[in-house]
Amino acid sequence: MNRFKTIIGGSLLALACAASSALAHPPIAAEQAAASFEQDRADILAMAGNYKVRFDMQESTRWDPGYTPLDRKISGGNEVVRVIEDTGRKIVLQHLLVVTHEGKDMVIKHWRQDWEYEPARVLVYSDRNTWKWEEVPEKMRTGRWSQTVWQVDDSPRYGGWGQFETQGGVRRWRSNWTWRPLARRDAVRKPVYDRYLSINRHQNGPEGWIHWQDNTKMGPKDGKLGPIVQEYVLNTYTKFDGYNVKAADDYWSATKDYWAAVRAEWDRIAAEKGGIGLQEEAETGTVISARLMQFADDIQAGRTSTAKAIGEARKLISDNTRRL
């Protein structure tokens, strides 16, 4: 009997040690991270394509006992993702929604994601209406990628840095903890929270890719920020081209020079003013978002020239941003 217990006990100990090793989640060593550069690039570039998108949002754990979590919300649509810049160490992906309204296909310029290899700093959300440069710790630069996400008018939304890793046979990019402004779906509700603290993950699969978020919704409590409720978001991009993909490509062909100039102007402002200070509204995002989007629509419709729209956009951005 004692021998049986010894054998069983030893087996359980060995199993526990093996499980502990398998479940460990240490930082990726710099040399290991740097060795996967080409695979990293391939994974980022693989996010381009034509997709049916499903947005699944669920508030779960409430940290404030006085708060009632929202019901689960599921929405979706058709989205085109295009590589609009690739310099090797920087990859830019532009998202374009294609929607049908009253029998007519319409294109809505959606979010943009910039990936940069081994960045020294990242433009991050700092506080309401404020984005500042944040240094990436030097020891965490080698082999890492930053992801900066921009809003529909190419103003900033959030940024973070992270690493590609493989766990359980699944390869994904995982960010550091990042601050984010409220999404429109929350901002219009005038909620008790006013920002998110998040971890951001992207992973590819045979049918497309997923973007999943772990969001702690934060708000002022007793003079300081505190957690209100936890939210889990799973955005699923499934390969699909059974919609008017050409509408998105036509829109981009007509407006890409304008948007390139707009991106360059935001970059100039961020560099010269130490970041970006810009007022936001719940319904529209930035206070200039609707006008910047309209300029692009006017170009495509032939109501204005690209050069004139660029001049008006530059002035609009400059006049509505402040030095930090």
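Residues numbered from 1 in each chain as written. Predicted model: local features only at pLDDT ≥ 70, side-chain atom pairs only at ≥ 80, totals over all residues. Heavy atoms only, no water.

### A few points about the overall build of the chain
- If you tally the helices and strands in the chain, you get seven helices and 17 strands.
- With the principal axes as the frame, the chain shows a C-alpha extent of 90 × 50 × 45 Å.
- Considering the chain as a whole, with its 324 residues, one finds that 46% of them fall into the buried category.
- Taking the intrachain contacts of the chain between residues at least 6 apart in sequence as the baseline, contacts between residues at least 24 apart amount to 62%.
- Seen as two clouds, the 47 positive and the 43 negative side-chain charges of the chain have centres 3 Å apart. (Helix = DSSP H or I, 4+ residues; strand = E, 2+ residues; numbered from the N terminus. Buried < 20%, exposed > 50% of the residue type's maximum accessible area, 1.4 Å probe, protein only. Contact = heavy atoms within 4.5 Å. Lys, Arg positive; Asp, Glu negative; His and termini not counted. Charge placed at Lys NZ, Arg CZ, Asp CG, Glu CD.)

### Re the environment of arginine 54
- Position of arginine 54 among the secondary structure elements: in strand E1 (residues 49-62).
- Sequence separation between arginine 54 and isoleucine 74 is 20 residues; the distance between their C-alpha atoms is 7.1 Å.
- Residues contacting arginine 54, with those up to four places away along its chain left out, are Arg72, Ile74, Ser75, Gly76, Leu234, Asn235 and Thr236.
- Here the side chain of arginine 54 touches aspartate 56 through a polar contact of 3.3 Å, side chain to side chain. (Polar contact = N/O pair within 3.5 Å; in protein donor to acceptor, adjacent residues only side chain to side chain.)

### Quick look at the packing of aromatic side chains
- All chains considered together, the criterion is met by 12 aromatic pairs.
- Ring geometry for tyrosine 51 against tyrosine 237: centres 5.8 Å apart, planes inclined by 90°, an arrangement best described as edge-to-face. Residue tyrosine 51 is located in strand E1, and its partner tyrosine 237 is located in strand E13 (residues 224-239); the two are separated by 186 residues in the primary sequence.
- With a relative accessible area of 1%, tyrosine 237 lands in the buried category. (Phe/Tyr/Trp six-rings, centres within 6.5 Å; stacked < 30°, edge-to-face > 60°.)

### As for the sheet that holds strand E14 (residues 275-278)
- Pairing in this open sheet of four strands is antiparallel, and the strands run E5-E6-E14-E17 from one edge to the other. A strand with exactly one partner marks an edge of an open sheet, and here the two such strands are strand E5 (121-127) and strand E17 (321-322).
- Bridge count between E5 and strand E6 (residues 130-135): six bridges; the pairing is antiparallel. When the bridges of E6 are listed, tyrosine 125 appears paired with tryptophan 131.
- Set on the sheet, helix H5 (residues 245-272) makes contact with E5, E6, E14 and E17; between it and E14 the angle comes to about 105°. (Pairing = 2+ DSSP bridges. Axes fitted to C-alpha atoms, helices over the stretch in contact; angles between N-to-C directions.)

### Re the nonpolar core
- By size, the foremost hydrophobic cluster in this structure holds 34 residues, and its most contacted members are Tyr258, Trp259, Trp266, Ile276 and Leu292.
- Residue assignment for this core shows that the elements contributing at least two residues are strand E3 (90-101), E5, H5, E14, helix H6 (289-301) and helix H7 (306-319).
- Examining the composition of this core, we find that 12 residues originate from one element, H5, more than from any other.
- Not counting the four nearest positions on each side in its chain, tryptophan 266 is found in contact with Asp153, Asp154, Ser155, Ile276, Leu278, Ile288, Leu292, Ile317 and Thr321.
- Counting 21 residues, the second-largest nonpolar core is a separate cluster that includes Met47, Val53, Trp115 and Val233. (Core = buried A, V, L, I, M, F, W, Y, C linked by side-chain atoms within 4.5 Å.)

### Some details on the packing of H5 against H6
- Where H5 meets H6, the axes come as close as 9 Å, and the angle between the chain directions of the two elements is 145°. H6 is crossed by H5, and the crossing has right-handed handedness. Facing Asp250, Tyr251, Ala254, Thr255, Tyr258, Trp259 and Trp266 of H5, the residues of H6 in contact are Leu292, Met293, Phe295, Ala296, Asp297, Ile299 and Gln300. (Left-handed = near helix turned anticlockwise from the far one by under 90°.)

### Section: unusual backbone geometry
- Here asparagine 129, not a glycine, exhibits a phi torsion of approximately 65°, which is positive.
- With respect to the helices and strands, the residue asparagine 129 is situated in the loop between E5 and E6.
- Taking relative accessible area as the criterion, asparagine 129 reaches 17% and is therefore assigned buried.
- The phi angle at lysine 190 is positive, at roughly 50°, despite the residue not being glycine.

### Regarding the side chain of aspartate 114
- Mapped onto the fold, aspartate 114 is located in strand E4 (residues 104-117).
- Judged by its relative accessible area of 9%, aspartate 114 is buried.
- A distance of 3.2 Å separates the side chain of aspartate 114 from the side chain of tryptophan 150, its partner in a polar contact.
- With near-sequence residues (within four places) excluded, aspartate 114 lies in contact with Lys90, Ile91, Val92, Ser146, Gln147, Thr148 and Trp150.

### Some details on H7
- A rise of 1.5 Å per residue sets the reference length of H7, with its 14 residues, at 20 Å; its end C-alpha atoms lie 20 Å apart and thus fit the reference within 8%.
- Against the buried residues of H7 lie H5, H6 and E17. (Expected span 1.5 Å × (residues − 1).)

### Remarks on the pairing of E6
- In this structure, the hairpin formed by E5 and E6 is closed by a connection of two residues, where asparagine 129 is found at a positive phi of approximately 65°.
- In this structure, E6 lies alongside E14, joined through three bridges in antiparallel fashion. Note that in E14 the partner of tryptophan 131 across the bridge is isoleucine 276.

### Re the side chain of glutamine 213
- Along the chain, the position of glutamine 213 falls in strand E12 (residues 208-221).
- Of the polar contacts made by the side chain of glutamine 213, one reaches the side chain of arginine 180; its length is 2.6 Å.
- For glutamine 213, the residues in contact, after removing those within four places along its chain, are Arg180, Ile199, Asn200, Glu231, Tyr232, Val233 and Asn235.

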